[in-house]
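Close look at the chain arrangement
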Amino acid sequence: MLRLMLTLTILLSVFSANAAERVVILAPAAADIFYKLGAGDKVAGVTKNVTEFPEAVKVGTHIRPNAEIIRSLKPDLIITGSADSYYADAVEAITGASVYKYDPLTLEEILVCVRDIGELTGRTEQAAELVGELKGKLMSVQPLPSVAKVIFEVSQLPYTAAGRGNIASSVIEAAGGKNIVDSDDKLVKLSLERVVASQPDVYIWQTGPMNRNPVPPAERPEFSKMRSKWIHADEKQFSRANTGSFDAVIELNSALRKLYE
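Overview of the structure. (Residues numbered from 1 in each chain as written. Predicted model: local features only at pLDDT ≥ 70, side-chain atom pairs only at ≥ 80, totals over all residues. Heavy atoms only, no water.)

This brings us to the overall build of the protein. Within the protein, the secondary structure is distributed over 10 helices and 11 strands. Taking 261 residues into account, the globule formula puts the C-alpha radius of gyration at 18 Å, and the protein, at 20 Å, falls close to it. Taken over the C-alpha atoms alone, the protein extends approximately 60 × 35 × 30 Å along its principal axes. A burial count over the protein gives 49% of its 261 residues as buried. Relative to all contacts within the protein whose residues are 6 or more apart in sequence, the contacts with residues 24 or more apart total 62%. Looking at the protein as shown, the accessible area adds up to about 12600 Å², and 53% of this sits on carbon and sulfur atoms. (Helix = DSSP H or I, 4+ residues; strand = E, 2+ residues; numbered from the N terminus. Rg over C-alpha atoms; globule rule 2.2 N^0.38 Å. Buried < 20%, exposed > 50% of the residue type's maximum accessible area, 1.4 Å probe, protein only. Contact = heavy atoms within 4.5 Å. Areas by Shrake-Rupley, 256 points an atom, 1.4 Å probe, with all protein chains shown as cover.)

Structure (structure tokens):
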């Protein structure tokens, strides 16, 4: 939370007089918030896999952005992400734009980012409304008979699970479960023996770019001794930290409740 507040304090000193007018989004997850705030008119450039703003110029991928294209767009604000810190300073030096690092790790930090982006784009009222809407979704979560012990599979090969620093962990907790992977990291490599020994009540496995074509865990011989309930998840909704994370909470809470029926 502190790191986000410090970032906003610095940027607000830059944009105290005028909101950002030309934005390049290099953190794909942040595009959702700009879209929900109705700030698409300010988005000049996006990475290749952002679909919210088809008229924006494509500036490469979030890992390999094209600095020349970014400079040609003359942005006054660039949104980077967790993997972008290694080139953020270079981008700022090339363009003279301010850089806002979008890297929320929890649902609460997503709400902070919504307010931040609202401030930076002159959409403070829209941001307040959106925050209220997202909080309302959390209020609709129904309690479970007991706290479900959960493991969230990020990828089958190499085997990787979500740690407590992963947005999926925050989604799990808000939905009534508990991530039993004891690590504050985003991604945790575990032995399959340890996973089986933990005997989670619920095993969530995602499919998407980070876990392409995984074998359903119920069909894996190594998990034959597990008595877990299996839940499939869409990576875009469960591992991408934005307003969709709140919908993931509602979806997971519904799935968990069905397991207790």
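Once that is clear, we can look at helix α6 (residues 124-139). With 16 residues, α6 should reach 22 Å at 1.5 Å per residue; the first-to-last C-alpha distance of 23 Å fits that figure. The inward-facing, buried residues of α6 contact α2 (31-36), α5 (107-121) and α10 (244-259). (Expected span 1.5 Å × (residues − 1).)

Bringing the layout of surface pockets into the picture now. By volume, the largest pocket is sized at about 1100 Å³. Looking at the largest pocket, it is lined by 34 residues, and the ones nearest its centre are Pro-28, Ala-29, Ser-239, Arg-240 and Ala-241. Breaking the lining of the largest pocket down by element, the ones donating at least two residues are α2 and α9 (235-238). Among the residues forming the lining of the largest pocket, the class breakdown is 16 nonpolar, 10 polar and 8 charged. (1 Å grid on protein atoms, 1.4 Å probe; cavity = no way out; pocket = protein on both sides within 12 Å on 5 of 7 lines; lining within 4 Å. Points joined across faces, edges and corners; volume = space filled by probe spheres on them. Nonpolar A, V, L, I, M, F, W, Y, C, P; charged D, E, K, R; others polar.)

For strand β6 (residues 148-155), a buried count of 7 out of 8 residues is recorded, marking the element as mostly surrounded by other parts of the structure. For β6 and strand β8 (residues 177-179), the ladder comprises 3 bridges, and the chain directions are parallel. Note on β8: the bridge partner recorded for Lys-149 is Lys-178. Here 4 bridges tie β6 to strand β10 (residues 202-207), and the two strands are oriented parallel to one another. Opposite Val-150, over in β10, you have Val-202 as the bridge partner. (Pairing = 2+ DSSP bridges.)

What follows covers unusual backbone geometry. Cis geometry is found at the peptide bond from Leu-157 to Pro-158, where omega equals -10°. Tracing the backbone shows Pro-158 in the loop between β6 and β7 (160-162). In this structure, Asn-213 takes a positive phi of about 50° despite not being glycine.

Moving on: the packing of helix α7 (residues 167-174) against α10. Look at α7 against α10: their axes get within 8 Å of each other, and the N-to-C directions meet at 45°. If you check the angle between α7 and α10, you find them oblique. Like other packed secondary-structure pairs, α7 and α10 cross with a definite hand, here right-handed. Here Ile-167, Val-171, Ile-172 and Ala-174 of α7 lie close against α10, whose contacting residues are Ser-245, Ala-248, Val-249 and Leu-252. (Axes fitted to C-alpha atoms, helices over the stretch in contact; angles between N-to-C directions. Parallel < 35°, antiparallel > 145°, perpendicular 65-115°, else oblique. Left-handed = near helix turned anticlockwise from the far one by under 90°.)

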